[in-house]
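Close look at the chain arrangement
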Amino acid sequence: MRERLLTGNFHLPQSHTLRVYRETGGYAGLEKAFALPPAAITEEVKKSNLRGLGGAGFPTGIKWGFIPKGHQGPIYLVINADEGEPGTFKDRYLLEKDPHSLIEGMIISAYAIGAHVAFIYVRGEYVRPWRILRQAVEEAYAAGFLGRNILGSGFDLDVVIHRGAGAYICGEETGLISSLEGKKGWPKLKPPFPAVRGAFGAPTIVNNVETICHVPHIMRRGAEWFAGLGTNTQGGTRMYSVSGHVVRPGVYELPVSVTLRTLIYEHAGGLPNGRGLKAVVPGGSSAAILRAGEIDVTMDVDGLKNAGTMAGSAGVIVMDDTVSIPEALMVVARFYAHESCGQCTPCRESTGWIFKMAKRIVEGKGRKEDLDTILDVARRGAGTTICAFYDGAVGPYISYIEKFREEFEALIPRA
Amino acid sequence: MPKLTIDGRESEVPEGTGVIEAARRLGIEVPHYCYHPGLSIAGQCRLCMVEIGNNPRPQIACNTQVVEGMVVRTETPKVLETRQAIMEFHLINHPLDCPVCDQAGECWLQIYYMKHGLYEPRMVDEKVHKPKAVPLGPHVILDAERCILCSRCVRFCDEITGTGELGIFQRGDHSEIGLFPGRELANPYSGNVVDICPVGALTDRDFRFAVRVWYLETAKSICPGCSRGCNIAVHSNLRRPHHDGGRRVARLKPRYHAEVNRWWICDAGRYGYKFVDDPSRVRFPTRGRGDAAAEVGWDEIVPLIAGQLRRYQPGEIGVLASPQMANEDLFLLRRLVDHLGLAHVDFRVPPSRPGDEDRILIKADKNPNRRGAELIGLGPRDGGLDARGMLRAARERRIKCLWVFHHDLLASAWPEGEIREALESLECLLFQGSNGNGVRLLAHYVLPSAAWVEREGTFTNFEGRVQRFWKAVEPLGAARADWEIVARIGEALGLSFMPDTGEDCFKALAATVPAFAGLSYRELRDTGRLVWDCAGRGPA
Ligand SMILES: Cc1cc2nc3c(=O)[nH]c(=O)nc-3n(C[C@H](O)[C@H](O)[C@H](O)COP(=O)(O)O)c2cc1C
Ligand code: SF4
Ligand code: SF4
Ligand code: FES
C-alpha cells in the first residue's frame, strides 16, 4: 500500500474544511506536541530526516537548530508558498486541498522554534489557493487553534497571510523576506543567515509549504517511521509535479526512493502517442537536464545530486523526441533573464546576454564561438552571486549545451 | 583584536573589521565598486572577490569580517580570473563612450579594465538601452547606460541625507537608477553622489564639459562656506586656460577628514567658489569714490593709506575685521591695531537672515574663522566700540575713518538706510576685500584681497580646529593676501614685524596667542589641530 501522508485526503469532498480535517485525525497531534519541550520536537524532526522540499533540500531540523539559543525578542516562522519554480505545482494542491495540515504543521513548528507570529507568503497569481487558505486560517482562529493560549497550552500564535506580486525571486528565502518587509524583493547578503537575522531583523525560519505539511505526520507517527519511508539521508515522501509529454500529467506523492523511470512510465503513464523520450528535467527548471538514458536514478536529494543534477522542487518536465533543446534553452534563458532581480552584476548582465545568444542560435544566426561563450560565461559566473538564482540558471545553460551540443551545432550556419 | 594574514603579510585589526578594510590597512587594494566605507555594505558588484582559507570558492571581501587566524589571498589565479569575468559583466552593456564622457580619466571602469580586465570582447549582440542625459536635480545629471548599479548613490540618499530620492527600478539587465515619482535630487548634499559614483553615470552639471580631468591641478584646502571647515581639494585648470571661459577653479571636491566632514561636503560649499573668477572681483587698488575711482599701484596707495591712518586720532578710527579672514590676516591686523593703539575693533556683523544648519555638516555661522577671530582677539579693546557702535559713531561723525574688511554692511541684518548714512558720513572709508559690494562703492580707497584659493593660510573651525589651506592659483590682478596688505601698511606706519610668508605670520601667532601655543604649519599637517577651547573647557 502506497503511503500518502500529504495527499491522503485530497480525494475527500470538502477536504479543505476544518470539519473534514478533524474527522481524519487532524489537529490530534497538537496536544501531544505541546506536552513536549520545544527542543524535543526539533530533535524529532532531525531524526525524521525531513529535508526541505522548496528547492535546496536542507535538513529541516538542523535549520531550526540555528536559531540562537536563549534569544530575547521575536522569532518568526515564514512559510514559502511562492511556488515560482517552472514545472512545479504541488504547493498549490496543498493550499487548496489541505490547508489545515499546513496550519497544524505551522503551529507545531512555531512552537518548536519559539515563534509567536508566522507569515505565509503566497504567490500573487494564486488567487484561489489564497482564498481557501484565508478561510482555513479564519476557521482555525475560530476553533481556538490559532490566537492566544492555543488549546490551553499557554502558547500563542498569530498567522499573517502575505500575497506576493509575481516575481520568481521572491521565492528565494531572503528575497521573500525583503518583500515581506515591504521592500523590493532583493535577496540579502549572507551572512547573516535568516535564522540569525531574518525578517525585520529577527531570527527567522523559512520553510516550504510541503516541508511544513509533513510535520504533523512526523508528530503523529514518529520520526523513525517517517525516516523509514525514504533513503538513509532523506525521510518520507514528496510530491512530484510531472508535466510535459506524459499521458497523465499531475502531482504524485511517492517515497523519495522512487526512480525517475518508475515515476514517468508507471505513475504518469509514459509518453503519449508512442513517442520516444528525449530528455527530462527532474527538479524544476533550475535542475540540470538528463538524457533519456539517464533516468534510472532515485528521486531523493542525494540520488539526483550524484547524477549531476538536483531534486530541487521536484518539478519533473518530460520532453519527447519532438522537442528542440536549443529552443527549450532559449525559453528557460528568457525566463532567467526576465526574473533576475538585477541586484548583482554577474547575474544581471549575463542572464540577458546568454538569452540573446541562445535566441540568435535558434534564429539561425549563431556563430561557432557562441556555444563556448555561453559555457564559459556560465562557468565563470557560477558561484559569484548573492543568491542561488544564478546557479539555478547555470544548471540549464551548461547541461542543455553539454548534453545536446550536436543539436545546437546543427543550427549554426557554417561559415 | 583578531590577527590575520593577507597575501602572506600578518596584520592585527579591530574586531568587526571587514577583509577589504584590513587589506587596505596593509596597502593592498582589493578592487571594488559598491563598497564605500561611509555606507552600508551592499555586496552587489561582486568585484572584491578574494580567496579565504581553504574555501574553494572566492568570497567577497567587503561583507566578510576578519576572524582570528584567517588567511586571505587577493592575487591567486582563481581570484584574477573571477575579477576579469566580473569586469566583463560590468562592461557588456556599457556604451563605451569614454571620448564623450566627463568621467574619462577618473573612471573606475577604465582603471580596473586596464588593471584587471584586458580580455578580448565577446559581446556582439545589441546592448540594453536606457535613458541618457537625464537631469536628476539642479546639480546632477544621469546617464543610465553608464551606470553599473552599485547602489552607492541610493545608499547615500537613504543613509546619509535620509532623503531617499533615488531607487533602482525594473529588474534584470533593465534595472535602472532613477528618481521616485515626483522627487528631485535637490537635497543639500546632492553633489556627493557624483563623487561616489565610480563611473560616468552621475556627473556634475556645473563641471560637465568644462575641462578634461587630466588637465586639472589639485591643492588641499578648507571650504570657507561655513564654520564646519570641511576639508576639500581645489581642482584648478591652469593648463587649458582657453577652456570654459577662463574659469580657473574648475571644481571643489571633498577631502576625507575623520572628525570634520568624513567623505562629504554640502552643495552650498561645493558650488560656493564662483566668486573667485567672478567679474565682481577687485583686481587693483583704487583711490577716489564712485565715478572718481582710479586704479593705482601698491607703491602709491600704501603711503596714502598710512597717511590717512596717521591723520586721525586713534579714537576716530574704527577697524571692522572679518571672520572670513585667515588666522594669519587677523593676527597681523591685531598687531597693527595694537601698534596704533586703536580700541574700536570688531569682526561681528549679523547676517541679514540667520544661516541654515543641520545635523550633518552645515553650520548656521557662514564664516570659516569666527573662532579664530575670537581667539586672536579682534573684538573691541579697552572700552572701544563694537561694529554697530562704530557705525552709530560714524553717523555722529565721532568716527571719521573706518577700515572695513570684506563685509557687505549694506546687506546685513542692520537697517540699510542707517548704515548707508553712516558710511556716507565718513571722511575716510577704506574697503579691503576680494569682491566688490555696496561698501566698496562708497569707499575712498579700495584694497584688493586675494581669494582663499589664491594664497595659503589657516582657519579655526567652530570646534577650535586649526586647519591649513594651500594656494591653488595665483591672485587675480594685483590682489594680495590680507596679511600682506596689512603688513605693508604696517611697515609704512613703523610696525617692525614684517613677515615674508603666511608661515611666518603663523609662527608669530603661535608665539603670541596662548591658544595657538606650540603650533606650526608642520605640526598642523593635513588634519589640523584642536586648540584651546573658547567655551572654557580647557585644551581640547
Ligand atoms: C531563485 C529561487 C527561487 C526559489 N523559489 C522558491 C519557491 O517558490 N518556493 C520555495 O519553497 N522555495 C523556493 N526557493 C528556495 C528557498 O530559497 C528556500 O530554500 C526554501 O524556501 C526553504 O524551505 P525548505 O527548507 O522547506 O525547502 C527558491 C530559491 C531560489 C534560489
Ligand atoms: S543572483 Fe540574480 S537574482 Fe540573485 S541577487 Fe543576484 S541578480 Fe538577484
Ligand atoms: S549612478 Fe553611479 S553611484 Fe549610482 S548606482 Fe549607478 S554607478 Fe552606482
Ligand atoms: S565591493 Fe564587495 S561586492 Fe562590491
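Every chain is numbered on its own, with residues counted from 1 as its sequence reads. For naming, the first written chain is A and the first written ligand is 1, with later ones following in the order written. Side-chain atom pairs in this predicted model are given and counted only at pLDDT of 80 or more, local residue features only at pLDDT of at least 70, and totals for whole chains, interfaces and linings cover all residues. Side-chain measures were taken over the full set of non-hydrogen atoms in the model, leaving aside hydrogen atoms and water.

Further remarks concern the overall build of chain A. Secondary structure is summarised from DSSP: a helix means a run of H or I of at least four residues, a strand means a run of E of at least two, and numbering begins at the N terminus for each. Per the secondary structure count, chain A includes 17 helices and 9 strands. Radius of gyration means the value over C-alpha atoms here, while the globule rule gives 2.2 Å times the residue count to the 0.38 power. Expected size for 415 residues packed as a compact globule is a radius of gyration near 22 Å; at 22 Å, chain A falls within 12% of this value. By definition in these notes, contact holds between two residues if any of their heavy atoms fall within 4.5 Å. Considering only intrachain contacts with a sequence separation of at least 6, the fraction spanning at least 24 residues in chain A is 70%. Element-wise, carbon and sulfur atoms account for 54% of the exposed surface of chain A, whose accessible area totals about 15,400 Å². Accessible surface is estimated by sampling points in the Shrake-Rupley manner with a 1.4 Å probe; for residues, cover comes only from the protein chains shown.

With that out of the way, let us pick up the interface of chain A and chain B. Contact residues are listed per partner, giving 36 residues for chain A and 36 residues for chain B. A pairing counts as a salt bridge when a side-chain nitrogen of Lys or Arg comes within 4 Å of a carboxyl oxygen of Asp or Glu. Counting every contact that joins chain A to chain B gives 5 salt bridges. Residue A:D376 pairs with B:R122 through a salt bridge whose shortest N-O separation is 2.7 Å. The definition of a polar contact used here is a pair of N or O atoms within 3.5 Å, where within protein one atom must be able to donate a hydrogen and the other to accept one, and adjacent residues in sequence count solely through side-chain atom pairs. Linking chain A to chain B there are 19 residue pairs in polar contact (both at pLDDT 80 or more). For the side of chain A that touches chain B, the elements supplying multiple residues, two or more each, are α13 (325–339), α14 (345–362) and α15 (370–381) of chain A. A per-class count over the side of chain A that touches chain B returns 12 nonpolar, 13 polar and 11 charged. Throughout this entry, Asp, Glu, Lys and Arg are counted as charged residues, while Ala, Val, Leu, Ile, Met, Phe, Trp, Tyr, Cys and Pro are counted as nonpolar. The remaining residues, Gly among them, count as polar.

This paragraph deals with the site of ligand 2. Whether a residue is near a molecule or strand depends on its heavy atoms: if one lies within 4 Å, it is near. Surveying the vicinity of ligand 2 reveals 13 residues, the closest of which are A:C341, A:Q343, A:C344, A:C347 and A:C387. For the shell around ligand 2, a count of residues per class yields 9 nonpolar, 4 polar and no charged.

Time to look at the nonpolar core. Here the nonpolar core consists of buried residues drawn from Ala, Val, Leu, Ile, Met, Phe, Trp, Tyr and Cys, with membership extended through side-chain atoms lying within 4.5 Å. With a 1.4 Å probe rolled over the protein chains alone, any residue whose accessible area is under 20% of its type maximum counts as buried; one over 50% counts as exposed, and the rest are partly exposed. In this structure, A:Y397 and A:Y400 are the most contacted members of the largest nonpolar core, which totals 144 residues. Counting residues in each nonpolar core, the second largest holds 57 residues, with A:M106, A:A110, A:L133 and A:A223 among its members.

All right, on to the pairing of strand β13 (residues 249–254) of chain B then. Residue and element names in this part refer to chain B. Burial analysis of β13 places 6 of its 6 residues in the buried class, the great majority of the element. Relative to β13, strand β12 (residues 231–237) runs antiparallel, the two being bridged by 5 bridges. If you follow V234 over to β13, its bridge partner there is L252. Any two strands are treated as partners once DSSP identifies two or more bridges connecting them.

Further remarks concern the sheet that holds strand β14 (residues 286–287) of chain B. All names here are of chain B. On the basis of which strands lie adjacent, the open sheet formed by 7 strands has the order β15-β14-β20-β19-β18-β16-β17 and mixed pairing. Every interior strand has two partners, whereas the edge strands, β15 (294–295) and β17 (344–346), have only one. Sitting on the sheet, helix α8 (residues 327–340) touches β16 (317–320), β17 and β18 (401–405), and the angle it makes with β18 is about 170°. In this analysis, axes come from line fits to C-alpha atoms, helices being fitted only over the stretch in contact, and the angle between any two N-to-C directions falls in the range 0 to 180 degrees.

To continue, consider the sheet that holds strand β23 (residues 529–530) of chain B. Residue and element names in this part refer to chain B. A sheet is described by the order of its strands in space; here 3 strands give the open sequence β21-β22-β23, paired in antiparallel fashion. Whereas interior strands pair on both sides, the edge strands pair on one side only; in this sheet they are β21 (457–460) and β23. Here β21 pairs with strand β22 (residues 465–469) via 4 bridges, running antiparallel. Looking across to β22, one finds that F459 is bridged to Q467. In the packing of α8 onto the sheet, the strands contacted are β21 and β22, and the crossing angle to β21 comes to about 90°.

We now examine the site of ligand 3. The environment of ligand 3 is formed by B:C147, B:I148, B:L149, B:C150, B:S151, B:R152, B:C153, B:I177, B:C197, B:V199, B:A201 and B:L202. Looking at the shell around ligand 3, its residues break down into 10 nonpolar, 1 polar and 1 charged.

Residue and element names in this part refer to chain A. The terminal C-alpha atoms of helix α6 (residues 99–113), which comprises 15 residues, lie 21 Å apart, in line with the 21 Å expected from a rise of 1.5 Å per residue. In terms of residue burial, α6 counts as a mostly covered element, since 15 of its 15 residues are buried. Just beyond α6, the residue with positive phi is G114, at close to 85°. Working rule for helices: expected span equals 1.5 Å times residues minus one.

Turning our eyes to something else, we now look at the side chain of B:E51. All names here are of chain B. Structurally, E51 is set in strand β3 (residues 49–52). Judged by relative accessible area, E51 falls into the buried class, the value being 9%. At a separation of 2.5 Å, a polar atom in the side chain of E51 contacts the side chain of T76. Sequence-distant contacts of E51, defined by excluding residues within four places in its chain, comprise V71, V72, R73, T76, K78 and V79.

Okay, a nonpolar patch on the surface next. Judged by side-chain polarity, A:F58, A:I62 and A:F66 come together as a nonpolar surface patch covering roughly 270 Å² of accessible area. With respect to the element layout, A:I62 can be found in helix α4 (residues 60–64). Exposure above 30% relative accessible area and no salt bridge define the residues that can form patches, which grow by joining like charges within 9 Å and nonpolar side chains of Val, Leu, Ile, Met, Phe, Trp and Tyr within 5 Å.

So, about the domain arrangement of chain B. By the assigned domains, chain B splits into domain 1 (3–91), domain 2 (98–204) and domain 3 (286–452 + 477–502). These domain boundaries are the output of an automatic or database domain assignment. Of note, the centres of domain 1 of chain B and domain 3 of chain B, computed from C-alpha atoms alone, are 56 Å apart.

Residue and element names in this part refer to chain A. Turning to its location among the elements, G52 is positioned in the loop between α3 (38–47) and α4. By relative accessible area, G52 is classed as buried at 11%. For the pair G52 and L290, spaced 238 residues apart in sequence, the C-alpha to C-alpha distance is 23 Å. When near neighbours in sequence (up to four residues on either side) are disregarded, G52 contacts G57, F58, T60 and T211.

So, on to the confidence of the model for chain B. Known as pLDDT, the predictor's per-residue confidence is scaled from 0 to 100. Looking at chain B as a whole, the pLDDT averages 96, with 98% of positions reaching at least 70. Interface scoring of the predicted complex returns ipTM 0.95; its pTM is 0.96.

Residue and element names in this part refer to chain A. Enumeration over the complete set of coordinates arrives at 78 salt bridges over all chains. Across the pair D91 and K90 runs a salt bridge, and its minimum N-O distance is 2.9 Å. Residue class for D91 comes out buried when judged on its relative accessible area of 2%. Note that K183 is salt-bridged to E181, the shortest N-O span being 3.0 Å.

All names here are of chain A. It is at 10 Å that the axes of α14 and α15 come closest, and there the two elements cross at 160°. As judged from the angle between their axes, α14 and α15 are roughly antiparallel. As for the relative orientation of α14 and α15, their crossing is left-handed in sense. Between α14 and α15, the residues in contact are S350, W353, I354, M357, A358, R360 and I361 and D370, L371, T373, I374, V377 and A378, respectively. Angle categories are assigned with fixed cut-offs, so that under 35 degrees is roughly parallel, over 145 is roughly antiparallel, 65 to 115 is roughly perpendicular, and the rest are oblique. Left-handed is the label given to a crossing in which the near helix is rotated counterclockwise from the far helix by less than a right angle, and right-handed is the label when the rotation is clockwise.

Next up on the list: unusual backbone geometry. A cis amide bond, omega -5°, links A:K190 with the succeeding residue A:P191. Looking at the secondary structure, you find A:P191 in the loop between α8 (173–180) and β4 (204–208). Across the junction of A:P191 and A:P192, the peptide omega takes the value 0°, indicating a cis bond. For A:P192, the position within the fold is in the loop between α8 and β4. A positive phi is found at B:R46, a non-glycine position, where the angle reads about 65°. Its place among the elements puts B:R46 in the loop between α1 (19–25) and β3.

So, on to the side chain of B:R468. As for its placement among the helices and strands, B:R468 is situated in strand β22. Among all residues touching B:R468, those that are not within four sequence positions of it are B:S221, B:I222, B:E456, B:G457, B:T458, B:Y521, B:L524 and B:R525.

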